[in-house]
Amino acid sequence: MTDKCTFHKQSAAHFYCQHCDTFYCDDCITIRKIDEYGGKKSYYFCPACNDQARMLSVGNMIDPFWKRLPKIFLYPIQPVPLILTIVLAALGALFPSTFLVKIVVAVLMIKYAFSVFLNTSQGSLKAPGFTWDLINADLKPIIQQYILIVALSFASGMVFLSLGPIAGYCFIAFSALVFPVIIMVQMATNSILHAINPMIFFPIIFRIGWPYLLMYLFLTFLYSAPMALLNVVPLENLPFNLVVFLFYFLSQYYTLVSYHLMGYVLLQYHDEIGYPVDYDFFIANRGGTPKKPLTEKQELDNAVTVLIKMGKYQQAIERLLPHIKGENVDPELSEKFLKLLRMTNDKKRSDIYAPRHLNLLVAKGKKQKAIDLFDEIKSNQEHLPDAKTVFTLASWYNSRSEYKKAMETYVYFINNFKKDEQCPEAYFNLAQLLHEKGGNTSKARQILKAIVKHYPHHPVSDDANKYLAKAA
Ligand SMILES: [Zn+2]
Ligand SMILES: [Zn+2]
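Residues numbered from 1 in each chain as written. Chains lettered and ligands numbered in written order. Predicted model: local features only at pLDDT ≥ 70, side-chain atom pairs only at ≥ 80, totals over all residues. Heavy atoms only, no water.

**A look at the packing of helix 14 (residues 313-320) against helix 15 (residues 331-343)**
Using the following cut-off: Helix axes use the C-alpha atoms of the stretch in contact, all axes being lines fitted to C-alpha atoms, and the angles between their N-to-C directions lie in the range 0 to 180 degrees. Under the scheme used here, helices are H or I runs from DSSP no shorter than 4 residues and strands are E runs no shorter than 2 residues, and both carry numbers assigned from the N terminus. Put simply, angles under 35 degrees are roughly parallel, angles over 145 are roughly antiparallel, angles from 65 to 115 are roughly perpendicular, and the rest are oblique. What makes a crossing left-handed is the near helix being turned counterclockwise from the far one by less than a right angle; a clockwise turn instead makes it right-handed. The contact criterion used is simple: two residues touch if any of their non-hydrogen atoms lie within 4.5 Å. Charged means Asp, Glu, Lys or Arg here, nonpolar means Ala, Val, Leu, Ile, Met, Phe, Trp, Tyr, Cys or Pro, and polar covers whatever is left, Gly included.
The interhelical angle for the contact between helix 14 and helix 15, taken along N-to-C directions, is 150 degrees, at an axis separation of 10 Å. Accordingly, the angle class assigned to the pair helix 14 and helix 15 is roughly antiparallel. With respect to the hand of their crossing, helix 14 and helix 15 are arranged in left-handed fashion. Mapping the contact onto sequence places Tyr313, Ala316, Ile317 and Leu320 in helix 14 and Leu333, Lys336, Phe337, Leu340, Leu341 and Met343 in helix 15. Here the contact of helix 14 with helix 15 is composed, by residue class, of nine nonpolar, no polar and one charged.

**Quick notes on a nonpolar patch on the surface**
Heads up, the condition is: The patches reported here contain residues having more than 30% relative accessible area and no salt bridge. Joining distances are 9 Å for like charges and 5 Å for nonpolar side chains (Val, Leu, Ile, Met, Phe, Trp, Tyr). Residue-level accessible areas treat just the shown protein chains as cover; the underlying method is Shrake-Rupley with a 1.4 Å probe. Basic side-chain nitrogens of Lys or Arg form a salt bridge, by our definition, when they fall within 4 Å of a carboxyl oxygen of Asp or Glu.
On the surface, a cluster of nonpolar side chains totalling about 520 Å² of accessible area is made up of Phe99, Ile103, Val107, Leu139, Ile143 and Ile147. The set of elements that each furnish at least two residues to the nonpolar patch consists of helix 3 (99-121) and helix 5 (140-163). Examined against the element boundaries, Ile143 turns out to sit in helix 5.

**What to know about the packing of aromatic side chains**
Going by this rule: Aromatic rings from Phe, Tyr and Trp, with only the six-membered ring used for Trp, were paired whenever their centres fell within 6.5 Å, and each pair was classed as stacked if the ring planes differed by under 30 degrees, edge-to-face if by over 60, and tilted otherwise. Summary of the burial criterion: residues with accessible area below 20% of their type's maximum are buried, those above 50% are exposed, and those between are partly exposed, where the area comes from a 1.4 Å probe applied to protein chains only.
The full count for this structure, using the stated rule, is 27 aromatic pairs. Summarising the aromatic geometry, the rings of Phe201 and Phe202 are spaced 5.2 Å apart at their centres and angled 45 degrees between planes, so their arrangement reads as tilted. Look at Phe337 and Tyr353: their rings are 4.9 Å apart centre to centre, the planes differ by 75 degrees, and that puts the pair in the edge-to-face class. With Phe337 in helix 15 and Tyr353 in helix 16 (residues 347-363), this pair connects stretches of sequence that are 16 residues apart. The pair Phe337 / Tyr353 is uniform in exposure class, with both members buried.

**What to know about the side chain of His270**
Relative to the assigned elements, His270 resides in helix 11 (residues 270-273). His270 has contacts with Met55, Ser57, Val58, Tyr275 and Val277, leaving out every residue within four places of it along the chain.

**Examining the coordination of the zinc ion (ligand 2)**
Spelled out, the test is: Only N, O and S atoms count as donors, using a 2.8 Å limit from the metal and a wider 3.2 Å limit for Na, K and Ca, and since water is excluded some coordination spheres may look unfilled. All geometry calls rest on donor angles, where a four-donor set with angles between 85 and 135 degrees is tetrahedral, four- and six-donor sets with opposite donors more than 155 degrees apart and all others between 65 and 115 are square planar and octahedral, and all else is irregular.
Around the zinc ion (ligand 2), the donor atoms from the protein are Cys17 (SG), Cys20 (SG), Cys46 (SG) and Cys49 (SG), and they sit 2.2 to 2.3 Å away. The site at the zinc ion (ligand 2) holds four donor atoms, and with the angles between them running 106 to 116 degrees, its shape is tetrahedral. Motif for the zinc ion (ligand 2), donor spacing along one chain: C-x2-C-x25-C-x2-C. Look at Cys20 and you get buried, because its relative accessible area is 17%.

**Examining the domain arrangement of the protein chain**
Test applied: By convention here, the domain bounds are inherited from an automatic or database domain assignment.
Domain annotation for the protein chain reports domain 1 (15-60), domain 2 (65-285) and domain 3 (388-472). Using C-alpha coordinates to define each centre, domain 2 is positioned 85 Å away from domain 3.

**Looking at the pairing of strand 3 (residues 30-36)**
Heads up, the condition is: Two strands qualify as a pair provided that DSSP identifies no fewer than 2 bridges between them.
As defined by bridge partners, strand 3 adjoins strand 4 (residues 39-45) across seven bridges and the pair is classed as antiparallel. Its bridge partner being in strand 4, Lys33 is matched across the sheet by Ser42. Remark: two residues form the turn of the hairpin made by strand 3 and strand 4, two consecutive strands paired antiparallel; Tyr37 in that turn has positive phi of roughly 45 degrees.

**Some thoughts on the packing of helix 20 (residues 423-436) against helix 22 (residues 459-470)**
Packing of helix 20 against helix 22 brings their axes to within 10 Å, and their N-to-C directions diverge by 15 degrees. For the element pair helix 20 / helix 22, the angle class is roughly parallel. By crossing handedness, the relation of helix 20 to helix 22 is classed as left-handed. On the side of helix 20, the interface is formed by Pro424, Glu425, Phe428, Gln432, His435 and Glu436, while helix 22 contributes Val460, Asp463, Ala464 and Tyr467. Looking at the contact of helix 20 with helix 22 residue by residue, the class counts come to five nonpolar, two polar and three charged.

Have a look at this one:
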């Protein structure tokens, strides 16, 4: 069963908050990057209660391996592994009897296969590069794996000799069955003793359940496939070197598929196996299509959305509060804040905040939203927007040819901001509109005369005089 995000039923849950009993997807969770040991480490918090959230098993976040088998099978058909298998197979085919070449080919391939395994088990489904670091990588896990193979073969021999062929075959069948889990435990723990400990690997097989058998069957098929394939090809008609090439190529191809598959199963069941997966790496690499980190605003937005969906309006308001103070407030956040105040029926606070939001909308040039909001709040005489805001609104109406609204807005301005330096201009604009659009020339003249009388030194006074002469 896959747990889904409480708020996005399409998205797999990545985190769980015990306190809120809520599942979060990677978009809903709150990430905090904290400087640690010279690097940044991510911590994940519940957006609702701020408790640290528990990461779920990656098995909950990815497709189960049995749904991905075709893709897993095609894994080596990516540029790096494909070129590498072709080059190494060609090398092997050109020098079929040179021991040194055989060793080099085998070591390079197994090193790359290990890198595939590690990358996959940490969540990167894109084939790793073939780098110098990889060539220099520690041989220890590879040697451990050879020791395991030798030890199991030796043990089979011993069982054959001491208990007879039936017991011997049974032991071989048993070893083959547990071999994949032994390899996975060895990779997860870096220890041979842990890997061959039945007290460790048996419980893991049972925790994985039937899918383990499915993986085993698929691996068996993979190991026998190259031989089966070469059996159908009429080898006797082909040049010897080509046969060697095909053999190398196919067995390397299948090696990569099987290491990728084991890595994927380890990733899917890492919780059951006790293998730690670095969530940051997983999220940055999944499928080779890294997830873009969210911006601070997106993250805040997501957290507020979660709180709203949970009905925790008050907490959402508190979360937004620091972001709607000071300069350069984001109008979207401000709008959310106002909406929340209205949702909580906090009339007093929303009456106070609405004019501030209107100032912001006008300053940011959000014409329609500003006009709509002004319509809603202009009857409230207790809390006013800034004079500058109202003046701009009036000019917007004017430029939209909504002259009646423009005149009303200039009147609103004049009534409320008598002492403002833009008041003479407001009078003048109003007079102009009355004359040109309102058909009320006498009122216009009255206003123009009043301008000349009350603001004799204001530049608009000259304009008024000229206009009076014109509008006679
Ligand atoms: Zn979500
Ligand atoms: Zn919580």
